[in-house]
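Okay, here's what each chain looks like letter by letter:
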2 protein chains.
Amino acid sequence: MPRTKAYVSSVGLTNIGDHWEKSILDLAMDAARAALKGNPKAKPDQIIIGNMFSAVAASQEHLGALVADGLGLTGTPAYKVEAACSSGGTAFNVGYNLVGSGAIDSALVIGVEKMRDLEPEQVSMALAMAESAEYTQFVGATFAALNGLLARYYMEQMDVSRDELSSIPVLDHANAVTAEHAQFRKAITPEVVGRSSMIADPLRLFDCAPVGDGAAAVFLTNNPTHGSKGKMAEVLGGAISTNDFSIYQRDDMLDFKATKNAFKKAMAQAGMTPGKLSLVEIHDAFSVVGALSLEAMGFSKRGRGSKDAKDGKYRRGSELPINTFGGLKARGHPVGATGVYQIAEAYLQLTDQAGKNQVDGARYAATQNIGGVDTTSAVHIFGRAA
Amino acid sequence: MPRTKAYVSSVGLTNIGDHWEKSILDLAMDAARAALKGNPKAKPDQIIIGNMFSAVAASQEHLGALVADGLGLTGTPAYKVEAACSSGGTAFNVGYNLVGSGAIDSALVIGVEKMRDLEPEQVSMALAMAESAEYTQFVGATFAALNGLLARYYMEQMDVSRDELSSIPVLDHANAVTAEHAQFRKAITPEVVGRSSMIADPLRLFDCAPVGDGAAAVFLTNNPTHGSKGKMAEVLGGAISTNDFSIYQRDDMLDFKATKNAFKKAMAQAGMTPGKLSLVEIHDAFSVVGALSLEAMGFSKRGRGSKDAKDGKYRRGSELPINTFGGLKARGHPVGATGVYQIAEAYLQLTDQAGKNQVDGARYAATQNIGGVDTTSAVHIFGRAA
């Protein structure tokens, strides 16, 4: 249990999309330099990289030392943390526990993924590494296929309509219109989602997060004077939990236990009640995953995630805005980087730097980052620093 | 800086070699179960996996959650830490910092690598991911080639003979004869090394660590009652450092700065002087790397690493035994697992469980685990628990 205060004192983001001209190192460096610029006084005690599949996408491992060298921070301990699509949130959790316990004073956490250099079928194979090579991959189930099965079951069990399922992607796209780093800055209607190409029945193209390159970096410190005044967000709690590895093993596929447990622990650590949260960044890699995540954290009742989104509960200006910069569907989902993007976005909100996407008076924020189909979940709670 | 005591209270090892019939999950589980057996009272707060290239060798990522599930420890936070061939030592360092700072109370650290499923040229490509994809890999320099250049330079600069260079491999093989988990349990002569096939001039087959599958696990705890009496080793210090990424960037290729700095920091943390060490496990992925490691830690003077080994300084029964179970050359080097093997071996020595390889009265041990050509180095210091 962390015992000293930990803060995010600056962040750096690249736009998400096609970065043909940049290597994975370039991307990581762009985000890292932007974050370090906000902390001229500070050098990180460690550099922690969240990344899922640089090995297959860039024939590159050893990203930690590579980035340390690139930043002119040779000597600094540096390594990569991987937990599939929750690599970013998990890397942050390691950094938070180290800084929050006083093991180190500061850490630069960088999430980075380069996906666009792969052909589409290679992306499918890379994402499938989140699932068992011996069973799920072996029988040929892609990651989209598994989520398709889940969506079909969810819709049938909970009587969810096509338009209801479309509501989170629609919300995401609406929020991304004014988000500078978002991959898709264009509003869409439920009809657009429902008529888009079939990917894995019933999931269509607009139910699925896109493929993109991107990097995000956050500077973690226990020194409240390291950031600019009013530009610090406090980390109030954070937890990782794991679930039965694959959905076929679970008693109830619709119960996202990893998210439920991680959220519960993180909130307890923060001494926080859900009603206090001003915004939540959820892991909607697929529309159905967004809905089940909202239910697991208790914001929506069972079966009500998409329905509540359709009813306007999670829009900006409503009770509990989610995915304020567009979420995985529209901001984008460069897998190992996503968790760090979410945290950077929470930081921007809590320090009034969210521009046109600002949630007025945001005081507390939660971020939820999943690997696999809720196999790993990393949840963090942030507050406006006093 | 860790503030509470941290102990290794049990370990588990698989033999290193060909495990055609086992998956990477099977291997990790075998080692983990053996380590957990030594701790019937304890459940790990986290599971941390050291692994370099499961993505390319087994089409598998998300090893953390996969292993947690396999062990029946669903719910437990679990993730992979990667820093090329120092992944094992680095994973342990993360666990040590978390347990030693009180962020968590215990961790199961597992190093695992499955290399034999790859064709030899695929192994070369996988290892090359420790180096830059954009430069070193791009120009076609394999990892063995880089170490070959280093060896040529070392031999010429320091007037090191073929027989002198062979001395660490010879020592390793001698120690491995009685090491049950070692890959090659056969003594060799300098002539065997010097006449073996050329790999990357001047490095021959017996200068190079072999390719093998293996897994090692250690249980880290801050609770001195969790292990059996007399079966605890205390972690006295540990540090990671990084160097200029590739050897061509360095002012002095023969100065292993990452190892030098990590060793210095770890020893300072332990409040230890080198003369007190009873044994050292060094990272001799290539004979030349072993020699330069001994020099970087100050056990041998510059240029004297191989020469001192030839003179018998590092043999069992001598002043400072190294690689007491055979080192990377003969125990084996399943890359991401190696750092954890070294730590498990130090534990076995300090708890008088090293069998025929026991260093009598071993009180203090150091382990050194490198990623790249001393690009990352993770050093840990252990003591016999009071």
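Shown above is the structure to which this text applies.
Residues numbered from 1 in each chain as written. Chains lettered and ligands numbered in written order. Predicted model: local features only at pLDDT ≥ 70, side-chain atom pairs only at ≥ 80, totals over all residues. Heavy atoms only, no water.

A. Geometry of the relation of the copies chain B and chain A. Placing chain B over chain A gives an RMSD of 0.0 Å and needs a rotation angle of 180°, together with 0.0 Å of translation along the axis. On the angle and the small slide along the axis, the relation comes out as a two-fold axis. Within chain B, Val81 of chain B has its C-alpha nearest the rotation axis, a separation of 2.3 Å. Most of the interface of chain B is mirrored in chain A: 98% of its interface residues are interface residues there too. (Least-squares fit on C-alpha atoms with pLDDT ≥ 70 in both. Contact = heavy atoms within 4.5 Å.)

B. Examining the packing of aromatic side chains more closely. All names here are of chain A. Taken as a whole, this structure holds eight aromatic pairs over all chains when the rule is applied. Summarising the aromatic geometry, the rings of Phe92 and Phe382 are spaced 5.7 Å apart at their centres and angled 55° between planes, so their arrangement reads as tilted. Highlighted residues: Phe92 in helix H4 (residues 87-100) and Phe382 in strand S11 (residues 376-384), separated in sequence by 290 residues. Grouping residues by exposure puts Phe92 and Phe382 together as buried. Both rings, one in Tyr135 and one in Tyr248, keep their centres 4.7 Å apart while their planes meet at 40°; by these two values the pair is tilted. (Phe/Tyr/Trp six-rings, centres within 6.5 Å; stacked < 30°, edge-to-face > 60°. Helix = DSSP H or I, 4+ residues; strand = E, 2+ residues; numbered from the N terminus. Buried < 20%, exposed > 50% of the residue type's maximum accessible area, 1.4 Å probe, protein only.)

C. Seen up close, the interface of chain B and chain A. Contacts between the two partners involve 59 residues from chain B and, on the opposite side, 58 residues from chain A. Surface buried jointly by chain B and chain A totals about 4300 Å² across both partners, of which 52% is contributed by carbon and sulfur atoms. On the chain B side of the contact with chain A, His62, Glu82 and Thr242 of chain B bury the most area, a combined 15% of that side's loss. In this structure, the connection of chain B to chain A is made through zero salt bridges. Applying the counting criterion to the chain B and chain A interface returns 31 residue pairs in polar contact (both at pLDDT 80 or more). (Buried area = accessible area lost by both parts, 1.4 Å probe. Salt bridge = Lys/Arg side-chain N within 4 Å of Asp/Glu carboxyl O. Polar contact = N/O pair within 3.5 Å; in protein donor to acceptor, adjacent residues only side chain to side chain.)

D. Quick peek at the pairing of strand S8 (residues 233-242) of chain A. Residue and element names in this part refer to chain A. Within S8, ten of the ten residues are buried, leaving the element largely enclosed by the surrounding structure. Across three bridges, the pairing between strand S1 (residues 6-13) and S8 is antiparallel. If you follow Tyr7 over to S8, its bridge partner there is Glu234. Inspection of the sheet shows S8 paired to S11 by nine bridges, in the antiparallel sense. Paired with Ala239 across the bridge in S11 is Val379. (Pairing = 2+ DSSP bridges.)

E. Representation of the side chain of Ser101 of chain A within the structure. Relative to the assigned elements, Ser101 of chain A resides in the loop between H4 and strand S4 (106-113). Using a relative accessible area of 0% as the deciding quantity, one classes Ser101 of chain A as buried. Reaching out from Ser101 of chain A, the side chain makes a polar contact with the side chain of Ser101 of chain B at a distance of 2.8 Å.

F. Looking closely at the packing of H4 of chain A against helix H14 (residues 335-350) of chain A. Residues and elements named next belong to chain A. Remark: H4 packs on H14, axes separated minimally by 5 Å, with the N-to-C direction vectors making an angle of 60°. Taken together, the axes of H4 and H14 are oblique relative to one another. Every residue of H14 that contacts H4 at Ser87, Gly88, Gly89 and Phe92 is listed here: Gly336, Gly339, Val340 and Ile343. Its residues assigned to classes, the contact of H4 with H14 shows three nonpolar, five polar and no charged. (Axes fitted to C-alpha atoms, helices over the stretch in contact; angles between N-to-C directions. Parallel < 35°, antiparallel > 145°, perpendicular 65-115°, else oblique. Nonpolar A, V, L, I, M, F, W, Y, C, P; charged D, E, K, R; others polar.)

G. Summary view of helix H3 (residues 63-70) of chain B. Residues and elements named next belong to chain B. Burial analysis of H3 places seven of its eight residues in the buried class, which makes it a mostly covered element. Regarding H3, the residues found buried are Leu63, Gly64, Ala65, Leu66, Val67, Ala68 and Asp69. Positive phi appears at Gly72, one or two residues downstream of H3, with a value of about 70°.

H. Structural view of the pairing of S1 of chain A. Residue and element names in this part refer to chain A. The buried fraction of S1 amounts to seven of the eight residues, a majority that puts the element mostly inside the structure. As judged from the six bridges shared by S1 and strand S7 (residues 214-221), these two strands associate in the antiparallel manner. Residue Gly12 lies in a different strand from S7, and its bridge partner there is Ala217.

I. Representation of the nonpolar core in the model. Within the largest apolar cluster, 134 residues are counted, with the highest numbers of intra-cluster contacts made by Phe53, Leu277 and Ile381 of chain A together with Phe53, Leu277 and Ile381 of chain B. With residues up to four places along the chain from it excluded, the contact list for Leu277 of chain B reads Phe263, Met267, Phe299, Leu320, Tyr364, Ala365, Ala366 and Ile381 of chain B. (Core = buried A, V, L, I, M, F, W, Y, C linked by side-chain atoms within 4.5 Å.)

J. A look at the environment of Asn222 of chain B. Residues and elements named next belong to chain B. Structurally, the position occupied by Asn222 is in the loop between strand S7 (214-221) and strand S8 (233-242). Measuring from C-alpha to C-alpha, the distance between Asn222 and Thr4 comes to 7.0 Å, with 218 residues separating the pair along the chain. Once residues within four sequence positions are removed from consideration, Asn222 is found in contact with Thr4, Lys5, Tyr7, Val99, Ile104 and Asp105.

K. Structural view of the state of the cysteines. Residue and element names in this part refer to chain A. One pass over the structure, following the stated rule, counts zero disulfides over all chains. Take Cys208: it sits in no disulfide, and the sulfur closest to it among the cysteines is that of Cys85, at 13 Å. Classification of Cys208 as buried rests on a relative accessible area of 9%. (Disulfide = S-S within 2.5 Å.)

L. Representation of the pattern of salt bridges. Scanning the model with the defined rule gives 30 salt bridges over all chains in all. One salt bridge connects Lys80 of chain A with Glu61 of chain A, and the closest N-O pair in it is separated by 3.1 Å. One end of the pair, Lys80 of chain A, is in strand S3 (residues 78-82); the other, Glu61 of chain A, is in the loop between helix H2 (54-58) and helix H3 (63-70), and 19 residues separate them in sequence. Across the pair, Glu61 of chain A and Lys80 of chain A agree in class, each one buried. Measuring nitrogen to oxygen at the nearest pair gives 3.0 Å for the salt bridge that ties Asp255 of chain B to Lys260 of chain B. With a relative accessible area of 35%, Lys260 of chain B lands in the partly exposed category. The structure contains a network of salt bridges with shared partners spanning Lys114, Asp117 and Asp213 of chain A.

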